[in-house]
Amino acid sequence: MSIAIPESSTLTRDGLTSQELYDKCVSIASNLWWVWSPDAIELFRDIDPVLWRQFDHNPVRLLREFTPAELDNRASQLALYSRINQCYRLLKEYLADKRTWGANNAGVLGARPVAFFSAEFGIHESMPIYSGGLGVLSGDHMKSASDLGVPMVGVGLLYGQGYFRQLLDKNGIQDEAYVDTDRQAIAMCPALDVDHQPVQVGIETRVGTIFAKVWQLDIGRVRLYLLDCDVDGNSDDDRKLTSRLYGGDERTKIRQELVLGVGGVRALNALGITPGIFHLNEGHSAFGPLEVIRHRMEEDGLSFENAVRDVAQQTVFTTHTPIASGHDRFNCELVEEHLGPLRDALEISYEQMMGLGRVDPQNKSELFCMTVIGLKLSRKANAVSQLHGHVSRRMWSSLWPWRVEEEVPIGHITNGVHVPSWLSVQMRRLYDRYFSQDWMSRMGEPDIWSEIYNVDPGELWETHNILKTQMIRFVRQRVSALSRRHQEEDKAIEKARKILDPNVLTLGFAARFETYQRASLIFRDFDRIDQIVNNSQRPVQLIFAGKAHPKNESGKQFIQSISNLRHDPRFRDSVVFIEDYDINVCRHLIWGVDVWLNNPRRPMDASGTSGQKVIYNGGLNFSVLDGWWSEAFNGTNGFAIGNGTQHVDDDVADDRDALSIYETLEKKIVPSYYLRDSDGLPNDWINRMMNSIATLAWRFSSHRMIMDYTRECYVPAAGGKSCEMNF
Ligand SMILES: *Cc1c(COP(=O)(O)O)cnc(C)c1O
């Protein structure tokens, strides 16, 4: 069927052929800039809203369903021509803009970018190369580096399956489904070397060579390289080496880390990229500097010691957890098997090599720890919040036995979130109307966010409630879909379609179901939470989401116990568990909740970032004074659980914190939320929303975080100042 295109739209399409129009859409989809550009998101969605949702909001998949002629047809029906042109122009302008913060503040990195290594990158829900907080942080790191114009390349792994998808069975038990990654559906292409040949790297071990090919992805102005072991030349086992994220045994883990660190450095080299800085985001990539050292010895004829000094000067290491088991440790046989050939090239002994991964190099019973080698081979090391800085200095003080704890050289840069990725369109429009025109490019400045006090309180409240209603619609879709999958009765499905009430105070909680996150803490006293939830005048409802690591049985039990509350008459209308927590679920929850609940056992949460995402959308934090919240809470910008103390006995700590949750809900949160003034508005609550935005928004964005890294780590390290060794 052919549709005649009216003359007027022929004009608005600027004389483009169908193919040219299609190519413009492909260009937009090919740069992940679109992920945080509302115009582009709305454009793709409007091309086909049903397919958009079905394909995980993935424009590459979406466009594949259309021929240029069909797309042209859609565009003419919906008058999309000018929007396609506009988006394309915005992307080109973004890429061409030379007046960035980085141009003024990171010039020294111009020819020699920061190489940012991470085992996971959470950029968008359609790209299964992340599991949770660490990945989302890495994605936000790259996006802010792009926005600010800080020269950076990312290095990670392309997982053939990624982390698992969570399915709950009828009994609330978590099933793990592994879905093959459709490489064609990711906006990436093979990375080419200086001779325009696809890059492939080989990493020798004592028992053979592992090969990996390299993909490249554009994230705005920065680029991400992903290594993929599913290549000819690898054994069947090695082809699967990069299949699963955090899914394998020790041997798989060390081989993945070898590919990420050593393979990653080789890939950059093959691409002709000479980084000025190597930033190791967590210990997974900490073998990387050894390869840089080898290269430096070979190229510049340096001794091992001198090469270490030079390379450490350029290396930044970020540690992410106070939990001992969160730091990878390998036995020495595994290390020798995999690092042996590199050790030969470095001309160091077996014991010297093992010593790099040990707190006490002489202690032969000590395992090889990736954090230890990361700390030893970096000049700059940091934790991810102020409190985590203290905890990390204590945790690693034995590496610097001659120093008092305060002088252990681990600083902190508190994590932040990429605001354009986590800000709802509705709130963005509100800020656009009330804030200075250039607020987006100045969001690291406190002054910008003080302008929230100029916003009409009624308008802020209404915007929040639109977002909350939208969140509840999302929850209802997810819960009723689950009910259908379980083939429940029509009555149950019908009920799921109407679950939750937009007028009720709503708390959200989402986390990895690790024991220390204490997901079920709020249910410690069933009768008390029953009274709070079911108060006839001022009820409360709760939304939960989160995955448990496949090997974490107690985490899975937490999930089961919470999701099975839907059979409990006291909680079935007011407590829901959303399956398969990911970036998409997170986005919907943080847009719409009134209160974000976070109750880890202090001080186990190094930073946490999900609560930061809430700030920008008008939600309030209700959290244990741990991680970022311990430096953020000021008494009027949210709510605290406990008073920042700890207890050696977990049971006592849990009792105290549960009590604090109940009392704070009963005495502060619930009354403030439901109190209406004569104008019909909960002005006390709205005030808290404004305080939260005014005092927190500028501090907890990843723009501020990147500015900190640039000023405190990247630029000084690239400047070549003399350095004090970390060991
Ligand atoms: C932001 C985010 C996280 C981080 O959560 P925390 O509990 O704050 O560490 C984890 N998973 C997803 C999918 C996220 O979007």
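1. Some remarks on the overall build of the protein
Across its full length, the protein carries 30 helices and 20 strands. The C-alpha radius of gyration computed for the protein amounts to 26 Å, which stays within 12% of the reference 27 Å derived for 727 residues, consistent with globular compactness. The C-alpha extent of the protein, read off along each of the three principal axes, is 75 × 75 × 50 Å. Sorting the 727 residues of the protein into buried and exposed places 59% on the buried side. A separation of at least 24 residues holds for 73% of the contacts in the protein among residues at least 6 apart in sequence. Surface summary for the protein: the accessible area is close to 28600 Å², and the carbon and sulfur share equals 48%. A distance of 2 Å separates the average location of the 79 positive side-chain charges in the protein from that of its 96 negative side-chain charges.

2. Digging into the site of the ligand
In the vicinity of the ligand lie 13 residues, with W422, C586, T609, S610 and K613 positioned nearest. A distance of 2.8 Å separates an oxygen atom of the ligand from a polar backbone atom of S610. The side chain of K613 places a nitrogen or oxygen atom 2.7 Å from an oxygen atom of the ligand. Contact with the protein chains covers 90% of the free accessible surface of the ligand, which is 390 Å². When contributions to the shell around the ligand are tallied by element, the ones reaching two or more residues are α9 (133–148), α25 (583–592) and α26 (610–615). Its residues placed into classes, the shell around the ligand shows 6 nonpolar, 5 polar and 2 charged.

3. Side note on the pairing of strand β1 (residues 114–117)
Of the two faces of β1, the one carrying V114 and F116 and the one carrying A115 and F117 are both buried. Across 4 bridges, the pairing between β1 and strand β2 (residues 152–157) is parallel. Of the residues in β2, the one forming a bridge with A115 is V153. In terms of handedness, the path from β1 via α9 over to β2 forms a crossover that is right-handed. Of the strand pairs in this sheet, β1 and strand β9 (residues 277–281) are connected by 4 bridges, and their pairing is parallel. The residue of β9 that forms the bridge with A115 is F278.

4. Side note on the environment of S235
The topology assignment puts S235 in the loop between β8 (222–228) and α10 (236–239). Here S235 falls in the partly exposed class, since its relative accessible area comes to 38%. Along the backbone, S235 and G208 are 27 residues apart, and their C-alpha atoms lie at a distance of 9.7 Å.

5. A few points about the packing of aromatic side chains
Evaluation of the coordinates by the stated rule reveals 33 aromatic pairs. Both rings, one in W629 and one in F633, keep their centres 5.6 Å apart while their planes meet at 40°; by these two values the pair is tilted. By relative accessible area, W629 is classed as buried at 0%. With relative accessibility at 27%, the residue F633 sits in the partly exposed group. In this structure an aromatic cluster arises from ring pairing among F509, F513, F523, F526, F544, F571 and F577. In this arrangement the basic side chain of K547 is found over the ring face of F164, its NZ or CZ atom lying 5.1 Å from the centre.

6. Here we look at α25
Here α25 lies mainly inside the structure; 10 of its 10 residues are buried. For α25, the full list of buried residues reads I583, N584, V585, C586, R587, H588, L589, I590, W591 and G592. With a side-chain oxygen lying 3.1 Å from the backbone nitrogen of N584, the N-terminal cap of α25 falls on D582.

7. Comments concerning the domain arrangement of the protein
Domain boundaries in the protein define domain 1 (18–96), domain 2 (101–415 + 707–717) and domain 3 (433–700). The C-alpha-based centres of domain 2 and domain 3 are spaced at 33 Å. On the side of domain 3, 41 residues touch domain 2, which itself brings 36 residues to the contact. With both chains or domains summed, domain 2 and domain 3 bury close to 3000 Å², and 53% of this area falls on carbon and sulfur atoms. The largest contributions to the domain 2 side of the interface with domain 3 come from Q166, L168 and L387, which together make up 21% of the buried area. At the boundary of domain 2 with domain 3, the tally comes to 3 salt bridges. A salt bridge links E125 to R587; the nearest nitrogen and oxygen atoms lie 2.6 Å apart. In this assembly, domain 2 and domain 3 are joined by 19 residue pairs in polar contact (both at pLDDT 80 or more). Going through the elements one at a time, α9, β3 (165–168), β4 (174–177) and α17 (386–395) are the ones with two or more residues in the side of domain 2 that touches domain 3. In terms of residue class, the side of domain 2 that touches domain 3 is made up of 16 nonpolar, 15 polar and 5 charged.

8. Regarding the confidence of the model for the protein
Do not read the fine detail of predicted coordinates wherever pLDDT is low. Per-residue confidence for the protein averages 95 on the pLDDT scale, and 97% of its residues sit at or above 70. Contacts for the low-pLDDT stretch residues 5–11, under 50 throughout, to residues beyond four places or in other chains number 6 contacts. For the stretch residues 720–727, pLDDT sits under 50, and the model shows 21 contacts to residues farther than four places along the chain or on other chains.

9. Topic: the environment of S243
Among the structural elements, S243 can be located in the loop between α10 and α11 (250–270). The class of S243 is buried, set by a relative accessible area of 17%. Placed 85 residues apart in sequence, S243 and L158 show a C-alpha to C-alpha distance of 8.0 Å. If sequence neighbours within four positions are ignored, S243 has contacts with Y159, G160, Q161 and G162.

10. Observations concerning the packing of α9 against helix α30 (residues 702–718)
Running from N to C, α9 and α30 cross one another at 80°; their axes reach a closest spacing of 9 Å. Considering the angle they form, α9 stands roughly perpendicular to α30. Residue-level contacts link L137, D140, H141, S144, A145, D147 and L148 of α9 to S702, H703, M705, I706, M707, Y709 and Y714 of α30. Each residue belonging to the contact of α9 with α30 can be placed in one class, and the counts come to 8 nonpolar, 4 polar and 2 charged.

11. A closer look at unusual backbone geometry
For the peptide bond that leads from R602 to P603, omega is 0°, which places it in the cis range. Among the secondary structure elements, P603 is positioned in the loop between β18 (595–598) and α26. Backbone geometry places H57, a non-glycine residue, at a positive phi of 55°. Within the secondary structure layout, H57 lies in the loop between α4 (49–54) and α5 (59–64).

Rules behind the numbers
The numbering scheme is per chain: residues are counted from 1 as the chain's sequence reads. For a predicted model such as this one, the threshold for reporting local features is a pLDDT of at least 70, and the threshold for listing and counting side-chain atom pairs is 80 or more; totals across whole chains, interfaces and linings nevertheless cover every residue. Heavy atoms from the whole structure form the basis of all side-chain values; hydrogens and water molecules are not counted. Numbering of helices and strands runs from the N terminus; a helix is a DSSP stretch of H or I covering at least four residues, while a strand is a stretch of E covering at least two. The globule rule is 2.2 Å times the number of residues to the power 0.38, and the radius of gyration it is compared with is taken over C-alpha atoms. Only protein chains enter the accessibility calculation, which uses a 1.4 Å probe; a residue whose area is less than 20% of its type maximum is buried, one above 50% is exposed, and one in between is partly exposed. Residues count as neighbours in contact if any of their non-hydrogen atoms are within 4.5 Å of one another. All accessible-area figures derive from a Shrake-Rupley calculation using a 1.4 Å probe, and residue coverage is judged against the displayed protein chains alone. This count recognises Lys and Arg as positive and Asp and Glu as negative, with His and chain-terminal groups excluded. Note that the charge is assigned to NZ on lysines, CZ on arginines, CG on aspartates and CD on glutamates. Working definition: residue near molecule or strand if any one of its non-hydrogen atoms lies within 4 Å of it. Counting of polar contacts relies on pairs of N or O atoms within 3.5 Å, with two restrictions inside protein: one atom must be capable of donating a hydrogen and the other of accepting it, and residues adjacent in sequence are counted only when both atoms are side-chain atoms. Charged means Asp, Glu, Lys or Arg here, nonpolar means Ala, Val, Leu, Ile, Met, Phe, Trp, Tyr, Cys or Pro, and polar covers whatever is left, Gly included. A pair of strands is considered paired only if DSSP assigns at least 2 bridges between the two. Throughout, right-handed denotes a crossover for which the path from the first strand over the helix to the second runs clockwise when the strands point away from the viewer. Each pair of aromatic rings taken from Phe, Tyr and Trp, with Trp reduced to its six-membered ring, is defined by centres within 6.5 Å and is described as stacked if the planes are under 30 degrees apart, edge-to-face if over 60, and tilted in the remaining cases. To sit over a ring, a charge needs its Lys NZ or Arg CZ within 6 Å of the ring centre and within 35 degrees of the ring normal. Domain start and stop positions are those given by an automatic or database domain assignment. Summed over both partners, the accessible area (1.4 Å probe) lost when two parts come together is defined as the buried area. Take a side-chain nitrogen of Lys or Arg and a carboxyl oxygen of Asp or Glu: if they are within 4 Å of each other, that pair is a salt bridge. Residue-level confidence of the predictor is summarised by pLDDT, bounded by 0 at the bottom and 100 at the top. Here an angle of 0 to 180 degrees is reported between the N-to-C directions of two axes, which are lines fitted to C-alpha atoms, with helices fitted over the stretch in contact. Should an angle fall under 35 degrees it is called roughly parallel, over 145 degrees roughly antiparallel, and 65 to 115 degrees roughly perpendicular, with every other angle called oblique.

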